[in-house]
Amino acid sequence: MSFTIPLRRLGKSDVPSAGGKGANLGEITNAGFSVPAGFTLVTEAYNKFVEQHDLRQRILNLASQVSADTPQSSDEASAAIEILFLEAELSEALRAELISSYSALTPDGEATVSVRSSATAEDLPQASFAGQHKTFLNVRGSEALLEAVKACWASLWSSQALAYRERMGIDHNAAAMAVVVQTMVLADASGILFTANPTSGARDELVINASFGLGEAIVSGQVTPDTFVLNRQNLTVKETIIGSKEAMIVPATGQGIDFQAVPVARRDQAAIANTLLMELGELGIRLEKHFDGVPQDIEWAVLGGRCWLLQARPITNLPPPPLLDVRWDPPRPNTIWMRRQIVEHMPEPLSPLFDELYLQGGLDQSMQELAGYIGDLAGFEIDVWDFVEPPFAATVNGYAYSIASFNFSWKLIPTIIRMYTIVLPKMIQYMIPYWQHKALPAYLADIDRWKSIDLANATDEELLQGVHELAIEDAVYWFAAAVPLGIARVTDAALDRFLKSVTKGRRLADGSRPTSGHYLRGFPSKTLDAQGQLEVIAGLVRNSDTLSEEVASTPAARLPKLLANDPAGERAMNELQQYLDEYGHQIYNLDFAVPTQADDPLPVLLSLKAAVTHPERDAQAHQMQLAQEREELVAATLRSLNPVQRQIFRRLLDWAQRYGPNRELALFYVGAAWPTLRWLALELGWRLTEAGSLEDPIDVFYLQSAELAAASKARSAGSGRPELAELARERRVLREARKRLEPPNSVPPDGRFKFGPIDMAMFEPKSRDDTTGPVLTGFAVSPGRLTAPASIIRSPEDFDKMVPDTILVCRTTTPAWTPLFAQAKGLVTDIGGALAHGSIVAREYGIPAVMGTGAATQRIKNGQRIYLDGDNGIVRLLGENETGEEWLALSEAPSSPLVSKKKLAALAAVAVGLVIWWQRRKRGNGR
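Residues numbered from 1 in each chain as written. Predicted model: local features only at pLDDT ≥ 70, side-chain atom pairs only at ≥ 80, totals over all residues. Heavy atoms only, no water.

**Comments concerning the overall build of the protein chain**
Moving on, step 1. Broken down by element type, the protein chain carries 28 helices and 27 strands.
Moving on, step 2. Evaluated residue by residue, the protein chain yields a buried proportion of 56% over its 927 residues.
Moving on, step 3. Only carbon and sulfur atoms are counted for the fraction: they give 52% of the accessible area of the protein chain, which is about 38800 Å². (Helix = DSSP H or I, 4+ residues; strand = E, 2+ residues; numbered from the N terminus. Buried < 20%, exposed > 50% of the residue type's maximum accessible area, 1.4 Å probe, protein only. Areas by Shrake-Rupley, 256 points an atom, 1.4 Å probe, with all protein chains shown as cover.)

Below you can see the structure in the form of structure tokens.
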């Protein structure tokens, strides 16, 4: 067979033989674009060379020694592999064919060429491998060419390429390398053209980088180029940024390239004229059109006024087009909406199916059922819509908001009084048993019922019915759980306010002030049970020294494969699967379109790896320590109070400790149906994809139930609904674009949470304090003070960036984030208050937390040291020479309690209701 193929005989379908670069260059050559003449040495030549010298197993053995925790191991493996290639000889047949093809490039047979790697997994939409493989410029002579070819092959195993394949999940054994050889364009100027703005995602803009000399200076990041932004419609220049261009790359006198200083007088000049910018823009638009409208990343060069194209590939990770003229108007005029309560578990834009079934339908149905149950308890009818107009929740630009405008009429006062004196005591008495013994068991029973369905034989209608019922059941469960959550919130706040009034000036052993959080730690919880189970699994791993070392050196995402393939890890893998069966329903996002922890267990694996490498961490021992400290603190507090204070303290403590643990348990089961619901939905998605009504099974979440029913009806008739596939794709793209928006806390942005004249700002998810200085203020939800670096984790995609023993800084947390708490020394969030997931879990782990700062993820840099005061709700951004110790005096500042004095009135009526209920209960027990 022939090992070299001219570019003109290649096309975009030839990636397996010519690699991404060779296939794309062949495609644009045949499309009539100006491409330097050349040929490709196909991947089969690489495979033959590796087989001839028996290199494959030796290469894979060296690659397997790479450890993510030991960066030099990658460099060492790569260097050893390179030696294998450079010391081996090409076969005579291959040498002869290479030299023959090279000699044919120019009449004198001594062409100056570029020799460029072209791997089978590069220059693709999902994986560019930019800069991972080698390119050799200004190569002259056959011997230099042969050495450059072997070096290109070896670069398939560069340290960067090894790490990149690991991250992208590309099998090392499947990788192969072609090599592109082209005549050199000795460019006057060169650069890169993007046919869409790679930063903003704007499709109506082209972006051109340009510099003097060869383009390698820009590609390798060794020079600051000029940047031109062109209007796509008329190719006029919208923006020009002249780069410094201190140096340029030029061909060396012999082989290779040299850096050459750019004369000072030229540095402020544009590298190319406007006429060439327009010509490049036209070429880019033509090329994009040839590739079916896919935006392109194009390398170009200009010599003597002529434009040459050196490479073209799809732009990798191009953001969706930006949304223009975005307005944050309320769903109904003259109303206020907020991202609070259940909405805090929906950090991203919603999928259409979740929006329909859960937000629009499930929550309203749930509220009505709850109101009916409470009305039966009270003995009179309660219509929740007397107080608020439906719907309870709605979306603005795809983001969920709950209503914060309540109907206040003096005619409702008698009803409100009856609710506080009759309904509230009965809610406290009966709603927790209702949640524990009726709502939760009924919810879990429905999950089990749908989990047992025969998936293969279920009809489309049954699958859709299961999705619908489980969505509604979770919404019903949420409002059943909302009462114990609210009671825990109120009793916690009452205890906290009492402590602040009677312990002024008093300090604990660590110097902090007593808060309710100190008295509510150390109780058993699902959260700590889960961490304890991970530590048991870690113990199984540590039983094998070899396996323990492998786990420590293996990226967390690859641990399941490692455990499954290691005999010593079999039991640990079984235990890990049991863990995910029990705890894996926990959500990153309440939207069921988003995978659960079982689908994406990265935080669990990170926590497991940390438990293997840090055996001194013991969740059970830590819980026992917190419990002991709590009881000692209770005893000390009782001794410090007078008889009246002591009686009040005992009552408030009893309430808070009785109802507080319900918060974590109630939230633990939110979204418990999602693994089963997703199982049903994705089965329906597979069927509709095969029928042509969806492009991908995941798109099932981007159609509404009536549309899915129509697609199923078409499937039963043996046809598809391609227009629904297009609709789902458009909605998916829109949701991705909306993820780049920053939703305001309230709509309209200056809206305040009120019930008639009563200010309810204490229930808002963000602090309203100014956040422009070095101090951020929020809600003090878990006590303690410390100084440590910050790990900025904006989404689950960033979980592998969590550095142990740092302060976790994020927008908000949901249950699936819980394993990260085992690695965190503290918590800071943008949104959330005392009832949010993060506040509950932070207390259980005994770490300080401040929530609802409003802008922590924007203001704090990753790795920056910050001072965190969980007693007073203060976060201080530290300068380079600040230690944080000097800010301990901040604890003397006016506190930011869970409930301020001005807002205490909002809780007064609740406290009265609690006392009435307590007294009635005592009288009942006495009788």
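So that's the structure; there's more coming.
**Describing the sheet that holds strand β9 (residues 237-241)**
Moving on, step 1. One open sheet accounts for 6 strands, arranged β9-β8-β7-β6-β12-β13; its pairing is antiparallel. This sheet does not close on itself; its edge strands, each paired only once, are β9 and β13 (306-314). Across the sheet, the mean angle from the axis of one strand to that of its neighbour is 20°, orientation sign disregarded.
Moving on, step 2. Bridge count for strand β7 (residues 205-212) against strand β8 (residues 226-231) is 6 bridges, and the pairing is antiparallel. Considered in β8, the bridge of Leu206 is made with Leu230.
Moving on, step 3. Strands in contact with helix α10 (residues 274-290) are β6 (189-194), β7, β8, β9, β12 (296-303) and β13; relative to β13, the strand with the most contacts, it is inclined by about 40°. (Pairing = 2+ DSSP bridges. Axes fitted to C-alpha atoms, helices over the stretch in contact; angles between N-to-C directions. Contact = heavy atoms within 4.5 Å.)

**A look at helix α15 (residues 526-542)**
Moving on, step 1. The end-to-end C-alpha separation of α15 is 24 Å, in line with the 24 Å expected for 17 residues at 1.5 Å each.
Moving on, step 2. Within α15, the full set of buried residues consists of Thr527, Leu528, Ala530, Gln531, Leu534, Glu535, Ile537, Ala538, Leu540 and Val541. (Expected span 1.5 Å × (residues − 1).)

**Topic: unusual backbone geometry**
Moving on, step 1. Along the chain, Pro390 connects to Pro391 via a cis peptide bond; the corresponding omega equals 5°.
Moving on, step 2. Looking at where Pro391 falls in the secondary structure, it is placed in the loop between α11 (352-378) and β15 (393-396).
Moving on, step 3. For the bond running from Val747 to Pro748, omega is 0°, close enough to zero to count as cis.
Moving on, step 4. Inspection of the secondary structure assignment puts Pro748 in the loop between β17 (746-747) and β18 (754-755).
Moving on, step 5. Positioned with a positive phi, Asn138 is a non-glycine residue whose angle comes to about 55°.
Moving on, step 6. Its location among the elements puts Asn138 in strand β4 (residues 135-140).

**Structural notes on the packing of helix α13 (residues 460-502) against helix α21 (residues 643-659)**
Moving on, step 1. Between α13 and α21, the least distance of the axes is 8 Å, while the angle of their chain directions is 150°. The orientation of α13 relative to α21 falls into the category roughly antiparallel. Of the two possible hands of crossing, α13 and α21 adopt the one that is left-handed. Only Gln645, Ile648, Phe649, Leu652, Leu653, Trp655, Ala656 and Tyr659 of α21 make contact with α13, whose side of the interface consists of Ile487, Ala488, Thr491, Asp492, Ala494, Leu495, Phe498, Leu499 and Val502.
Moving on, step 2. In terms of residue class, the contact of α13 with α21 is built from 14 nonpolar, 2 polar and 1 charged. (Parallel < 35°, antiparallel > 145°, perpendicular 65-115°, else oblique. Left-handed = near helix turned anticlockwise from the far one by under 90°. Nonpolar A, V, L, I, M, F, W, Y, C, P; charged D, E, K, R; others polar.)

**Focus on the packing of aromatic side chains**
Moving on, step 1. Counted according to the given criterion, the structure contains 20 aromatic pairs.
Moving on, step 2. Plain terms: the ring middles of Phe668 and Tyr669 are 4.9 Å apart, the flat faces sit at 85° to each other, and that makes the pair edge-to-face. For the residue pair Phe668 and Tyr669, the accessibility class agrees, reading buried in each case.
Moving on, step 3. Here a set of aromatic residues connected by ring pairs shows up, and it is made of Phe354, Tyr358, Phe592, Trp674 and Phe701. (Phe/Tyr/Trp six-rings, centres within 6.5 Å; stacked < 30°, edge-to-face > 60°.)

**Concerning the packing of helix α23 (residues 674-690) against helix α24 (residues 705-716)**
Moving on, step 1. Interhelical geometry of α23 versus α24 gives an angle of 50° and a closest axis separation of 10 Å. Here α23 lies oblique to α24, going by the angle between them. Two packed elements cross with a definite hand, and for α23 against α24 that hand is left-handed. In this structure, α23 uses Leu684, Arg687 and Leu688 to contact α24, whose residues at the interface are Leu708, Ala711, Ser712 and Arg715.

**Some details on the pattern of salt bridges**
Moving on, step 1. Summed over all chains, the structure comprises 36 salt bridges.
Moving on, step 2. Arg715 is paired through a salt bridge with Asp460; the nearest N and O atoms lie 2.9 Å apart. On the criterion of sequence distance, the pair formed by Arg715 in helix α24 and Asp460 in helix α13 is long-range, its members being 255 residues apart.
Moving on, step 3. Assessed through its relative accessible area of 33%, Arg715 is described here as partly exposed. (Salt bridge = Lys/Arg side-chain N within 4 Å of Asp/Glu carboxyl O.)

**Looking at the sheet that holds strand β14 (residues 337-338)**
Moving on, step 1. Strand order in this open sheet of 4 strands is β15-β16-β14-β17, and the pairing throughout is antiparallel. Two strands close off the open sheet at either side, each with one partner strand: β15 and β17.
Moving on, step 2. Examined bridge by bridge, β14 and β17 share 2 bridges and lie antiparallel to one another. Counted as the bridge partner of Met338 is Ser746 from β17.

**Considerations on the environment of Thr853**
Moving on, step 1. Positionally, Thr853 belongs in the loop between β25 (849-851) and α27 (856-859).
Moving on, step 2. Each C-alpha atom of the pair Thr853 and Arg811 lies 9.3 Å from the other, and the pair is 42 residues apart in sequence.
Moving on, step 3. In terms of polar contacts, Thr853 uses its side chain to reach the backbone amide nitrogen of Ala856, at 3.4 Å. (Polar contact = N/O pair within 3.5 Å; in protein donor to acceptor, adjacent residues only side chain to side chain.)

**A word on the environment of Ala312**
Moving on, step 1. For Ala312, the location among the structural elements is in strand β13.
Moving on, step 2. For the pair Ala312 and Ile28, spaced 284 residues apart in the sequence, the C-alpha separation amounts to 8.1 Å.
Moving on, step 3. In this structure Ala312 touches Asn24, Ile28, Leu287, Gln296, Asp297 and Ile298, once residues within four positions along its chain are discounted.

**Remarks on the nonpolar core**
Moving on, step 1. Counting residues in each nonpolar core, the largest one holds 145 residues, and the members touching the most others are Tyr358, Leu363 and Phe649.
Moving on, step 2. With residues up to four places along the chain from it excluded, the contact list for Tyr358 reads Ile342, Met346, Leu353, Leu363, Ala471, Asp474, Ala475, Trp478, Leu590 and Trp674.
Moving on, step 3. If you look at the next biggest cluster of nonpolar residues, it comprises 76 residues, including Ala18, Val50, Leu162 and Leu193. (Core = buried A, V, L, I, M, F, W, Y, C linked by side-chain atoms within 4.5 Å.)

**A short note on the pairing of strand β11 (residues 257-261)**
Moving on, step 1. Examined bridge by bridge, strand β10 (residues 247-251) and β11 share 5 bridges and lie antiparallel to one another. In the strand pairing of β11, Val250 is matched with Asp258.
Moving on, step 2. Hairpin connection of β10 to β11: 5 residues between the antiparallel strands, including Gly256 at a positive phi of 80°.

**Quick notes on helix α18 (residues 570-583)**
One full turn of an α-helix is made of 3.6 residues, so residues set three or four places apart face in the same direction.
Moving on, step 1. The end-to-end C-alpha distance of α18, which contains 14 residues, comes to 20 Å, matching closely the 20 Å that a straight helix rising 1.5 Å per residue would cover.
Moving on, step 2. Where α18 is concerned, the buried positions are Ala572, Met573, Glu575, Leu576, Tyr579, Leu580 and Tyr583. Down the axis of α18, the buried side of the element spans an arc of 160°, and every buried residue falls inside it. Relative to its buried face, α18 has exposed residues pointing more than 90 degrees away, namely Glu570, Arg571 and Asp581.
Moving on, step 3. The secondary structure elements touched by the buried residues of α18 are α15, α17 (559-565), α19 (602-613) and α22 (662-668). (Arc of directions from axis to C-beta.)

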